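As a plain string of letters, each chain reads:
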Amino acid sequence: MKLFDCPHCGHRLYFENAQCLNCSSLVLYDPEGARFVLFGVDGAIQCTNADECACNWMAEPGQVFCRACVLNQLIPDLSVDGNRRRWIRVEAAKKRAIYSLLAFGLPVAPKQSPTDEIGLAFDFLADPIGGGPGGERILTGHDNGLITLNVAEADSAEREKRRVQMGENYRTLLGHFRHELGHYYWDRLIRDDPQRLEAFRALFGDERADYEQALKAYYANGAAPDWQQDHISAYATSHPWEDWAETWAHHLHITDTLEMVHALNFPLGRLETVEANELPRGDTGGEPQAAPSEPANTPEPFDKILARWLVLSEASNSINRCMGLPDLYPFVISDATAGKLAFVHDLLTGLPMEAGTNRVGSRILAGTHALLSRCHRRGTVKRREPMKSLLFPAIAGMLTAMSGAALADTAVSAVTDLNVRAGPGPQYPVIGVLAAGQSATLNGCIENSKWCTIAEAGGQGWVYSDYVTADFGGSRVVLTQRRSAVAVVSPPDDIGNYSTDYTGAIISSDPVVGDFPAPPAAVRTYVDTHRLDPVYLDGEVVTGATLPDTVELREIPDYNYRYVYVNGQRALIDPQTRRIMYVVR
């Protein structure tokens, strides 16, 4: 993946952008040129799914869908709460996967019929009601070019639960797509080529071994203790086909990430690493991938790519640990695994560019009706997502975005532990907490207000924009500072039932640096048993914010801090600065 430029003003664009935040031009991604174009210029029109799943790709000439959406066969039932949001996340990951396929010149074309061996199709489905033990479940997998994905994987909490259950180090939507696509391209690139097949078996093993029995044995016994000597993951040990698919996916992870390193001009050669860093000091990750319509770059040997990757992964893992996060790349690349990755690399970089073939293949389906039937047969499979436990519950009668061109349905994160409320104001009850650094999807903000709606893990709620950031032009910016760029939403119908008679305002400021020690049990008991009359202030109760002088601070015996009951929450206050040091939840 690389960085892009606005075709109108030259400002930086990212792969998911649909509008330039500098000049407000509407832009569309052109997969043929690997660039953005202006909407409406030179016949560039939106994909029909622009309003359905936030697709930002241009429609293929003479067609109504883009090169990615035309591959869809079934989408989730959008009448089920949360499925549209899940589909948006799934599509975003799928498009990143397809970007890499096109960059390597691989054939990407839709199936013409279910029995065709050649061609891709995607089914994005949900477990039927009653799924689970003893019931039908949707399994992510590949079958003759048809890739099925359970959209429950789009919910981060559900995906993390499955990752833990499966004993995996890594599990993402993008990883799913790259793995399953690896199965499809094994059929296309290796199966019918005797020379490639012989080389494959020498590295990965004989794929003629019984696949079902191999998987049963793996799930019953697990991987051998020394599996890291020859495989990139434990699951890769189950069968040569899975070893290939895992290795293929990791090659795409590596090359895609290093392309972004180069786009950012990140000097890998200057990093201090455990192993001797023998990269030139100005090495920034190699050259970006050529567009499908351009001549291919001269391929580099994989050992140079691997040298860069080992430096980058060591550095990124070390940084993640400083933030208390899992390793970005929690894998060991042995000599045997490096040989397998080199095999994938040599295979991909030795292929002829087939952009022309791809363009023809993606247009074979003639007529709007045929395309619509492939991407919008929502009722064909009546499968509904079962109810799950939520981070915070959905609020009935939420709201509707009024400005489709403004920032909405995008990722935002909290700068500190932030209350999620049932409505847009401190008088509404707290229904959850968005933890510091945790991401959610922004729906929009009320006009001339700091209250915005977010969604996460199937739940929805309201947060105060002073403590929420989003990506604006490559920088994290507080939403309050860019309200004009955020979609406008309407307040809920019950807002008139709550008083806005505040006795002052909370002064927003930076969060408290460092971990404030949890109060002793005696302090919590005192605060719980000595209730105060509530005080309501404009703003939100977060650590680091300052209370006005109008709020009386109450003493706690034998304790350096005082306490208040503000906006429905108890908080410990530094009497010298009047800053909130701890929120008693």
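Residues numbered from 1 in each chain as written. Predicted model: local features only at pLDDT ≥ 70, side-chain atom pairs only at ≥ 80, totals over all residues. Heavy atoms only, no water.

What follows is about the side chain of Glu246. Within the element layout of this structure, Glu246 appears in helix 7 (residues 240-263). One buried charge, Glu246, has no salt-bridge partner; the nearest side chain with opposite charge is Arg171, at 9.1 Å. Within the structure, Glu246 has its side chain in polar contact with the side chain of Ser233 (distance 2.5 Å). (Helix = DSSP H or I, 4+ residues; strand = E, 2+ residues; numbered from the N terminus. Buried < 20%, exposed > 50% of the residue type's maximum accessible area, 1.4 Å probe, protein only. Lys, Arg positive; Asp, Glu negative; His and termini not counted. Salt bridge = Lys/Arg side-chain N within 4 Å of Asp/Glu carboxyl O. Polar contact = N/O pair within 3.5 Å; in protein donor to acceptor, adjacent residues only side chain to side chain.)

Across the sheet, 4 strands lie side by side as 5-6-8-7; this open sheet has mixed pairing. At either margin of the open sheet sits one strand with a lone partner, and together these are strand 5 (72-74) and strand 7 (141-143). Across the sheet, the mean angle separating the axes of adjacent strands is 25 degrees when strand polarity is ignored. As paired strands, strand 5 and strand 6 (residues 121-125) are joined by 2 bridges and run parallel to one another. The residue of strand 6 that forms the bridge with Leu74 is Asp123. (Pairing = 2+ DSSP bridges. Axes fitted to C-alpha atoms, helices over the stretch in contact; angles between N-to-C directions.)

Residues Tyr185, Ile190, Trp244 and Trp248 are the most contacted members of the largest nonpolar core, which totals 61 residues. Broken down by secondary-structure element, the contributors of at least two residues to this core are strand 3 (27-30), helix 2 (83-103), strand 6, strand 8 (146-150), helix 4 (173-191), helix 5 (194-204), helix 7 and helix 9 (335-349). Not counting the four nearest positions on each side in its chain, Ile190 is found in contact with Tyr185, Arg196, Leu197, Phe200, Trp244, Phe343 and Leu347. (Core = buried A, V, L, I, M, F, W, Y, C linked by side-chain atoms within 4.5 Å. Contact = heavy atoms within 4.5 Å.)

Low-pLDDT portions of the prediction should not be read for the details of their coordinates. On average, the protein chain scores 81 in pLDDT, and the residues at 70 or more come to 83%. Across residues 130-135 the pLDDT falls below 50, and counting only partners more than four positions away or on other chains, this stretch makes 4 contacts in the model. Within the model, the stretch residues 351-405 combines pLDDT values under 50 with 146 contacts to residues more than four positions away or in other chains. (pLDDT = per-residue confidence, 0-100.)

On to the environment of Asp127. In this structure, Asp127 sits in the loop between strand 6 and strand 7. For the pair Asp127 and Ile138, spaced 11 residues apart in the sequence, the C-alpha separation amounts to 5.3 Å.

Taken together, the side chains of Leu26, Phe39 and Ile45 present a nonpolar region at the surface, about 240 Å² in accessible area. Checked against the element boundaries, Phe39 lands in the loop between strand 4 (35-38) and helix 1 (50-53). The class of Phe39 is partly exposed, set by a relative accessible area of 36%. (Patch = residues over 30% accessible without salt bridge, like charges linked within 9 Å, V, L, I, M, F, W, Y side chains within 5 Å. Areas by Shrake-Rupley, 256 points an atom, 1.4 Å probe, with all protein chains shown as cover.)

It is worth spelling out the pairing of strand 15 (residues 468-472) at this point. With 4 of its 5 residues buried, strand 15 lies for the most part within the structure. Across 3 bridges, the pairing between strand 9 (residues 410-414) and strand 15 is antiparallel. From the neighbouring strand, Val412 faces strand 15, where its bridge partner is Ala470. Sheet analysis places strand 15 next to strand 16 (residues 475-478), joined by 4 bridges and oriented antiparallel. Paired with Asp471 across the strands is Arg476, a residue of strand 16. Hairpin connection, strand 15 to strand 16: the antiparallel pair is bridged by 2 residues, and Gly473 has positive phi, about 65 degrees.

A word on the state of the cysteines. If you walk through the whole model with that rule in mind, you get 1 disulfide. Among the cysteines around Cys69, which has no disulfide bond, Cys66 carries the closest sulfur, lying 3.7 Å off. (Disulfide = S-S within 2.5 Å.)

Another point: the sheet that holds strand 20 (residues 580-584). Backbone-to-backbone hydrogen bonds join strands into a sheet, with any given pair of strands oriented parallel or antiparallel. The 3 strands are arranged 18-19-20 in an open sheet whose pairing can be described as antiparallel. Both outer strands of the open sheet, strand 18 (562-566) and strand 20, are each paired with one neighbouring strand and no more. Averaged over all neighbouring strand pairs, the angle between strand axes comes to 30 degrees, with direction disregarded. With 4 bridges connecting them, strand 19 (residues 569-573) and strand 20 associate as antiparallel partners. Residue Ile573 lies in a different strand from strand 20, and its bridge partner there is Ile580. Sheet contacts for helix 12 (residues 521-529): strand 18, strand 19 and strand 20; angle to strand 19, the most-contacted strand, approximately 130 degrees.

Further remarks concern unusual backbone geometry. Not every positive phi belongs to a glycine, and Asn144 is a case in point at roughly 55 degrees. Along the chain, Asn144 turns up in the loop between strand 7 and strand 8. By relative accessible area, which is 27% here, Asn144 ends up partly exposed. Even without being glycine, Arg578 reaches a positive phi, approximately 65 degrees. You can see Arg578 is positioned in the loop between strand 19 and strand 20.

Between two aromatic rings, the relevant description is the distance of the centres plus the angle of the planes. Within this structure, the stated rule accounts for 31 aromatic pairs. Ring plane angle 85 degrees and centroid distance 6.0 Å describe the contact between Phe124 and Phe177, whose orientation is recorded as edge-to-face. With Phe124 in strand 6 and Phe177 in helix 4, this pair connects stretches of sequence that are 53 residues apart. Its relative accessible area of 0% is what places Phe124 among the buried residues. Of the residues examined, Phe177 reaches a relative accessible area of 1% and is grouped as buried. One aromatic cluster in this structure is built from Tyr184, Tyr185, Trp186, Phe200, Phe204, Tyr211, Trp241, Trp244, Trp248 and Phe343. The lysine or arginine in question, Lys95, covers the ring of Trp57, its NZ or CZ lying 5.8 Å from the ring centre. (Phe/Tyr/Trp six-rings, centres within 6.5 Å; stacked < 30°, edge-to-face > 60°. Lys NZ or Arg CZ within 6 Å of the ring centre and 35° of its normal.)

On to the pattern of salt bridges. Taken as a whole and assessed by the stated rule, the structure comprises 31 salt bridges. One salt bridge in this structure joins Asp193 and Arg196, with 3.8 Å as the shortest N-O distance. Using a relative accessible area of 26% as the deciding quantity, one classes Arg196 as partly exposed. One salt bridge in this structure joins Asp549 and Arg578, with 3.6 Å as the shortest N-O distance. With Asp549 in the loop between helix 12 and strand 18 and Arg578 in the loop between strand 19 and strand 20, this pair connects stretches of sequence that are 29 residues apart.

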